[in-house]
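# An overview of the molecular structure
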Amino acid sequence: MAKPNKMLVFILTLGVFGIINTEMGVIGILPSLAAHFSVSVSKAGWLVSFFALAVAVSGPTMPLLFSGINRKQVMLLVLGVFLLGNIVSIFTTNFTIALIARIIPAFFHPIYCSLAFTVAADSVDIKDAPKAVSKVFIGVSAGMVAGVPIVSFIANSASIEMALAFFALINAIVFIATLLLVPSLPVQQRLTYGSQVRILKKSIVWFSIIAVILLNSAVFGVYSYLAEYLKTVTNMSANSISIMLILFGGANIIGNVAAGRLLANNANKSIIAFPFALGTVYIILFLVGQFSVPMAVLTAIWGVLAGIGGNINQYWISSAAPEAPDFANGLFLTSANLGTTAGAAVGGLFISSMGTQYVVWVGILSLILSVVAISLRNYFAGGYL
């Protein structure tokens, strides 16, 4: 593959932002979408849950199927599918059609994200690959964090159609930029499907997958209920909660930048230290979560660690199978989504059975188990077995 330039990495980052924003942006406008399509809010939630399910299902397969095709052509295909789905969503008032217009692009989601990580890593020397990937992760964080308030603001100040048009606009800009500014990116070394799937025979890959599921569960099992925690435990107002969520998001982006340097300088020590650092934050949070000022400080630190954690998850799986980068990145996306889903589900059980403040223990227990998985992964990587 030809060495991509900085402009390509920027376009990939913006492209990932557009795709993640399409996935997560609707969270802030679910009540408006429910009214727009004349369905219940819980049914409107299918626009989020079915999208995530499609991503989890297609994560291991779609990047694999498209791994031998010219990267630029694949980028344009995925962006085109997302753009068409966005346009349909703007003009339809039929919920079923809107749901289909989201599910179909969702199957293509892992292709672009996997490709973005792979191309970014290929754009630099191998020792600097984590730094390049961390830049793409800024798009992931921005899509997850900035997308929700931006789309919500547009919907409230203009209309639901204009909010949906924001998704289309971002994807259209990236499509045009890719078409005009990105050179042809042929795959120099085509890997057979069998040679890529063969990485599943490696114990190190499976321990990496388990570790990523647990680490993502540790972060999102608690973060999914941050707003509820701040409301019921810390007793914050709605405006204060919004500020805290923005604080977490900004810190998350800082964490992405820091992660690139940490992983490039000493990946193994950074990964081993991560569960202990996040676990310490959670224990303190459990003890002083009812106080606003300590909670604000902890939220900022937590946000930085969450940004670092996302990069660690991608690095942990991709470094376990460097011979099949596209398939490995697809496994990362599926593992991360499974961890998010499992963590949120268990977090809900903790809240319903013990109370909101105990949701923190979902993160702590996940981190304890992740230490075991990380240790076993390192054991196998060391060649002892």
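Our structure is the block above this text.
Because the structure is a prediction, the values reported are computed rather than measured. (Residues numbered from 1 in each chain as written. Predicted model: local features only at pLDDT ≥ 70, side-chain atom pairs only at ≥ 80, totals over all residues. Heavy atoms only, no water.)

Further remarks concern a nonpolar patch on the surface. Residues Met7, Phe10, Ile176, Leu179, Leu180 and Leu181 make up a contiguous nonpolar surface patch of about 630 Å² in total accessible area. If you tally residues by element for the nonpolar patch, the top one is helix 10 (residues 160–181), at four residues. Note on placement: leucine 180 falls in helix 10. Exposure remark for leucine 180: the relative accessible area of 64% places this residue in the exposed category. (Patch = residues over 30% accessible without salt bridge, like charges linked within 9 Å, V, L, I, M, F, W, Y side chains within 5 Å. Areas by Shrake-Rupley, 256 points an atom, 1.4 Å probe, with all protein chains shown as cover. Salt bridge = Lys/Arg side-chain N within 4 Å of Asp/Glu carboxyl O. Helix = DSSP H or I, 4+ residues; strand = E, 2+ residues; numbered from the N terminus. Buried < 20%, exposed > 50% of the residue type's maximum accessible area, 1.4 Å probe, protein only.)

With that settled, consider the nonpolar core. One finds Tyr112, Phe117 and Trp302 to be the most contacted residues of the largest nonpolar core, which totals 93 residues. Counting residues per element, this core draws most heavily on helix 14 (residues 238–288), which supplies 13 residues. Residues within four places of tryptophan 302 in sequence aside, it is in contact with Val219, Val222, Tyr223, Leu226, Phe248, Leu278, Val281, Tyr282 and Leu285. If you look at the next biggest cluster of nonpolar residues, it comprises 26 residues, including Leu33, Ala34, Ala98 and Val151. (Core = buried A, V, L, I, M, F, W, Y, C linked by side-chain atoms within 4.5 Å. Contact = heavy atoms within 4.5 Å.)

By rolling a water-sized probe across the atoms, one finds the places where empty space is left. One number sums up the size of the largest pocket: a volume of about 1500 Å³. Lining of the largest pocket is provided by 49 residues; of these, Met24, Ile27, Met144, Phe220 and Tyr223 occupy positions nearest its centre. For the lining of the largest pocket, the element with the most residues is helix 14, which contributes eleven residues. Grouping the constituent residues of the lining of the largest pocket by class yields 32 nonpolar, 16 polar and one charged. Size it by volume and the second largest pocket reaches roughly 750 Å³. (1 Å grid on protein atoms, 1.4 Å probe; cavity = no way out; pocket = protein on both sides within 12 Å on 5 of 7 lines; lining within 4 Å. Points joined across faces, edges and corners; volume = space filled by probe spheres on them. Nonpolar A, V, L, I, M, F, W, Y, C, P; charged D, E, K, R; others polar.)

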